Amino acid sequence: MAPSLPLQLLSRGLTASGSQGRTIVKGLRTEKGFTLIELLIVVTIIGVIAATAVPGLLRARMTANETSAIGTLRSVAAAQASYSSTCGAGSYAVLFTTLAVGPNLSPEGYISPDLAVAPSKSGYVFTIVPGAGGAPRPPHCNGTVTNSAYYVSAVPVTLSATGSRGFATNQGAAVWQDISGVAPTEPFTPGGGIWPVQ
């Protein structure tokens, strides 16, 4: 003989209650998944973590861009010194394309070709011009006009996004910074947010 309905329900972990001939079955929830509250809590936690992490990542990226700009200016200063002693007869190049070509039109230049083609790197734009007080000099070993002084600047592509400081250097080879984001002007003098990079 088969057990009655209440016994069958109890053996399955379910309960039955009757009210005026109706049977109501209550049991454990067998649906799988997350409730709306659980999902909202997880989304809130992810939002809090993202809100605290993203500004730190942006600051780290800006610092990396600024470090790259300083390194590039130091490389250009070293390239100018090498160019001046080997090809410029004591003078300096005033174009990146001039520094990208070696003596006697050798393909092994003083700077990497990517800087000569597009003077933008790691969120900074680089510019080279004759330096303050400089005078034009005779053409160098490759026939390009030189100058007795040069000035190279690096400014962020987007201030406060790709960098927050501007940088510059000249034939003195020291890299100077300006915390306002513009390139320091010559003559370099400390003060007002402008000082040499250590």
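Every chain begins its residue count from 1, and numbering advances along the sequence as written. With pLDDT at 70 or above as the cut-off, local features in this predicted model cover only qualifying residues; side-chain atom pairs require 80 or more to be listed or tallied, and sums for whole chains, interfaces and linings still use all residues. Side-chain figures throughout are based on the complete set of non-hydrogen atoms in the structure, without hydrogens or water.

### Regarding the overall build of the protein chain
Test applied: Note on conventions: DSSP H or I runs of at least 4 residues are helices, E runs of at least 2 residues are strands, and numbering of each starts at the N terminus. Three labels apply to residues, based on accessible area from a 1.4 Å probe with only protein chains included: buried if under 20% of the type maximum, exposed if over 50%, partly exposed otherwise in between. Residue contacts follow a heavy-atom distance rule, with two residues in contact if any of their heavy atoms lie within 4.5 Å. Computed by Shrake-Rupley with a 1.4 Å probe, the accessible areas treat only the displayed protein chains as cover when residues are assessed.
When helices and strands are tallied, the protein chain shows four helices and ten strands. The order of α-helices and β-strands along the protein chain, N terminus first, is α-β-β-α-α-α-β-β-β-β-β-β-β-β. Relative to its 198 residues, the protein chain shows a buried fraction of 32%. Considering only intrachain contacts with a sequence separation of at least 6, the fraction spanning at least 24 residues in the protein chain is 45%. Counting every atom, the protein chain has about 11,900 Å² of accessible surface; 64% of that belongs to carbon and sulfur.

### What to know about the pairing of strand 8 (residues 166-170)
As a general feature of sheets, a regular strand has side chains that alternate between the two faces. The condition is simple: For two strands to be treated as a pair, DSSP must find no fewer than two bridges joining them.
Counted residue by residue, strand 8 has five buried out of five residues, so it is predominantly covered. Residues Gly-166, Ala-168 and Asn-170 of strand 8 are buried on one face, and the alternating residues Phe-167 and Thr-169, pointing to the opposite face, are buried as well. Both strand 7 (residues 150-156) and strand 8 contribute to a ladder of four bridges, which runs antiparallel. Looking at strand 8, one finds that Tyr-151 is bridged to Asn-170. Inspection of the sheet shows strand 8 paired to strand 9 (residues 176-178) by three bridges, in the antiparallel sense. From the neighbouring strand, Gly-166 faces strand 9, where its bridge partner is Asp-178. The hairpin formed by strand 8 and strand 9 contains five residues between the paired strands, and Ala-173 there has a positive phi angle of roughly 70°.

### Brief notes about the sheet that holds strand 3 (residues 120-121)
Strand order in the open sheet formed by six strands is 3-4-7-8-9-10, and the pairing between neighbours is antiparallel. For this open sheet the edge positions go to strand 3 and strand 10 (194-196), each flanked by a neighbour on one side alone.

### Let's talk about the pairing of strand 7
Summarising burial for strand 7: six of the seven residues are buried, a large majority. Looking at chain direction, strand 4 (residues 124-130) and strand 7 are connected through seven bridges and run antiparallel. Note that in strand 7 the partner of Tyr-124 across the bridge is Pro-156.

### With respect to unusual backbone geometry
Backbone torsion omega between Glu-186 and Pro-187 reads -5°, so that peptide bond is classified as cis. Secondary-structure assignment places Pro-187 in the loop between strand 9 and strand 10. Residues other than glycine seldom take positive phi values, yet Asn-104 does so here, at roughly 55°. Within the fold, Asn-104 resides in the loop between helix 3 (96-99) and helix 4 (113-117). We note that Leu-105 has phi near 60°; this positive angle belongs to a residue other than glycine. With respect to the helices, strands and loops of the structure, Leu-105 is situated in the loop between helix 3 and helix 4. Residue Leu-105 is classed as exposed on the basis of its relative accessible area of 61%.

Nothing here speaks to function; it is geometry throughout.
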